[in-house]
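Topology and contacts: notes
In case you want the letters, here they are:
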Amino acid sequence: MEQIEVDVLFVGAGPASLAAAYRLSALIKKNNLPNISIAIIEKSKEPGDHILSGAVMDPSALRELIPDFIERGAPVDTPVKRDDVMFLTRNGKFTFPILPPAFQNHGNFILSAGKLTQWLGEQVQKMGVDIFFATPGAEILYDGERVIGVRTAPRGLNKSGEKKNNFQPEVDIKAKVTILGEGAFGSLSQSLIQKLNLSLGKKRQHFSLGVKEIWEISRENHEEARVIHTLGFPLKFGTFGGGWIYQMKNNQVSIGFVVGLDYSNPDMDVQEELQKYKTHPLIAKLLTGGKQIAYGAKTISEGGYFSMPRLYGDGFLLIGESGGFLNLARLKGIHLAMKSGMLAAETVVESLRKNDFSKAALSDYEKRFEASWAKKELWNSRYFYQIFNPGKKEDWQTLRYQPRLSKRDRSNKLSDLYLSGVYHEEDQPSHIVILDNNICHMRCRQEYGNPCQNFCPAGVFEIVGDEKLLRLSPSNCVHCKTCQIKDPYQIVLWKVPEGGGGPRYKSM
Ligand SMILES: Cc1cc2nc3c(=O)[nH]c(=O)nc-3n(C[C@H](O)[C@H](O)[C@H](O)COP(=O)(O)OP(=O)(O)OC[C@H]3O[C@@H](n4cnc5c(N)ncnc54)[C@H](O)[C@@H]3O)c2cc1C
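Residues numbered from 1 in each chain as written. Predicted model: local features only at pLDDT ≥ 70, side-chain atom pairs only at ≥ 80, totals over all residues. Heavy atoms only, no water.

**Focus: the sheet that holds strand 18 (residues 291-301)**
Note on sheets: strands pair through backbone hydrogen bonds, and any given pair is parallel or antiparallel. Strand order in the open sheet formed by seven strands is 6-5-15-16-17-14-18, and the pairing between neighbours is mixed. The two strands at the open ends of the sheet, each matched to only one other strand, are strand 6 (93-95) and strand 18. Sheet twist, expressed as the mean angle between neighbouring strand axes with direction ignored, is 20°. In the sheet, strand 5 (residues 82-88) pairs with strand 6 via three bridges, with the strands oriented antiparallel. Its bridge partner being in strand 6, Leu-88 is matched across the sheet by Lys-93. (Pairing = 2+ DSSP bridges. Helix = DSSP H or I, 4+ residues; strand = E, 2+ residues; numbered from the N terminus. Axes fitted to C-alpha atoms, helices over the stretch in contact; angles between N-to-C directions.)

Listed below in structure tokens is the structure:
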């Protein structure tokens, strides 16, 4: 097996890792530290392909990182001009007379997080850092409890796991410090959190699923730079979630819907909720004469401050949403992800100077976080999740009993999916593994009606034929990982597929 050694390894090229790598390179130069090697591995084929966000961005972290970001062409094209929060009934709306502070977006930008990520990637590459695309981290390498690097996924295996002509083996990338910036429910981060019990004494982490579409609308309906957040329709009382409408430039609108994955109704289908949302007169009118141009789905870490795991240990740090950096009250995580990355970089440069990557040395990251504005922001909204969700159970434990098979028409999902650009090499081992099919057919059908058909926003799970067997289409997967989070028996395992597979969002 091939082995590579670097000083610092980042997993994931999202806003967290890219901000970290940029800051780290700058600090290495400033401190005259010679011959430090940094590598970033990213599972998507191209920059930003797996990034999906609303997005209204608070620019505070970006301003700190690259003060002249506007002059340098950061794609932050639309400063917010008008901001509303509304409660929707089936056909009506009530606009909040006063904007709650968390929803105030004056000074923020509507943007594509995917495009921002591409731009940040370019800035990082200009600093001389290598980003290895189509390179998923499949396994963490340990020496006892010390993280010593990551094993990448092999490429070129067929469905039965045999080598094809284009086979390329796994590579072990060894690093003095491994920084996990995989986003929400990162597969390596989750396994690390479990193995080292990093959530001991913390509240459970919870997730929500966000489904997003981009539309090109008619010029008459367009009001550039307007932001609307909604509560109410189509969700029933007791289900946590809401919608957004962000009007960008070029007559484009980002429309999306988020639902907390601690819902109880096995029939819940977030993609379908978004379709219902679009029938509300406010949105239906906006979209009349328009055309949908993109679709995607992704999960969000929503637990907040009390659900953040320990962020450091021997040889590793957790940054961005992998570490729970997200302010649910504001539905914002980009600035926190970036800030966490910058704090991690400041810690790592000290470790490089002292050649000490122990848990004690890296605990400095938590101290820096505790003293930062990011902590203050997360602290101020620390009860937000708990107010709405008492959170006594894991997200997979909340479904209520439903002794009937719920059968869905997948055609809507499949046509939406086309607009996500999703692509996986078909002839490869399934990256979604059902550990016990008997449970699906014998228990889940009777007890919950096979809710996987509903909770997956990409139609990966389907019940087919007279025998009503479960059929998987892993090549449809958009990497949101809702299946592993919500499956009521915890028998669905999401693993990274061969590098380069997944959605191709470009502008989400
Ligand atoms: C629906 C939705 C709406 C949102 N709206 C907003 C908003 O309006 N404003 C805002 O500020 N925030 C918003 N957020 C949150 C924000 O997008 C995230 O907090 C932010 O993108 C997190 O950055 P990150 O770098 O931690 O992770 P991500 O942006 O998720 O990036 C992680 C990267 O790591 C890669 N990766 C993952 N695992 C591996 C692996 N094993 N090997 C290699 N690569 C891997 C992924 O492909 C991805 O490119 C929203 C999120 C969602 C889902």
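**Overview of the pattern of salt bridges**
Within the structure shown, the criterion is met by 28 salt bridges. Salt-bridge contacts for Lys-506 lead to Asp-49; the nearest nitrogen and oxygen are separated by 2.8 Å. One end of the pair, Lys-506, is in the segment after strand 24 (492-494); the other, Asp-49, is in the loop between strand 2 (38-41) and strand 3 (56-57), with 457 residues separating them in the sequence. A salt bridge links Asp-364 to Arg-368; the shortest N-O distance between them is 2.8 Å. A residue pair is termed a helical-turn pair when its members lie 3 or 4 positions apart in one helix, as Asp-364 and Arg-368 do in helix 9 (residues 364-370) at four residues. Relative accessible area serves as the criterion here: at 21%, Asp-364 is assigned to the partly exposed category. The exposure class of Arg-368 is partly exposed, given its relative accessible area of 27%. In this structure, a network of salt bridges that share partners links the residues Arg-23, Glu-346, Asp-364 and Arg-368. (Salt bridge = Lys/Arg side-chain N within 4 Å of Asp/Glu carboxyl O. Buried < 20%, exposed > 50% of the residue type's maximum accessible area, 1.4 Å probe, protein only.)

**Topic: the packing of aromatic side chains**
As enumerated under the stated definition, the model contains 16 aromatic pairs in all. Between Tyr-305 and Phe-306 the ring centres are 5.9 Å apart and the planes differ by 75°, which places this aromatic pair in the edge-to-face class. For Phe-306, a relative accessible area of 23% puts it in the partly exposed group. Ring geometry for Phe-455 and Phe-461: centres 6.4 Å apart, planes at 70°, overall edge-to-face. Classification of Phe-455 by relative accessible area gives buried; the value is 3%. (Phe/Tyr/Trp six-rings, centres within 6.5 Å; stacked < 30°, edge-to-face > 60°.)

**Describing the site of the ligand**
Taken together, 37 residues surround the ligand, and among them Glu-42, Ser-53, Val-56, Lys-298 and Glu-321 come closest. At 3.1 Å, a backbone N or O of Lys-43 approaches a nitrogen atom of the ligand. Residue Leu-331 places a main-chain N or O atom 3.3 Å away from a nitrogen atom belonging to the ligand. Calculation on the ligand without its partners gives an accessible area of 1,000 Å², and the protein chains cover 99% of this total. Broken down by secondary-structure element, the contributors of at least two residues to the shell around the ligand are helix 1 (15-30), strand 16 (241-247), strand 18 and helix 7 (334-354). Per element, the largest residue contribution to the shell around the ligand is three residues, and it comes from strand 18. Considering only residue class, the shell around the ligand consists of 18 nonpolar, 13 polar and six charged. When residues of the shell around the ligand are assigned to domains, at least three map to each of domain 1 (2-67 + 115-204 + 304-388) and domain 2 (78-107 + 206-300). (Near = heavy atom within 4 Å. Polar contact = N/O pair within 3.5 Å; in protein donor to acceptor, adjacent residues only side chain to side chain. Areas by Shrake-Rupley, 256 points an atom, 1.4 Å probe, with all protein chains shown as cover. Nonpolar A, V, L, I, M, F, W, Y, C, P; charged D, E, K, R; others polar. Domains from an automatic or database assignment.)

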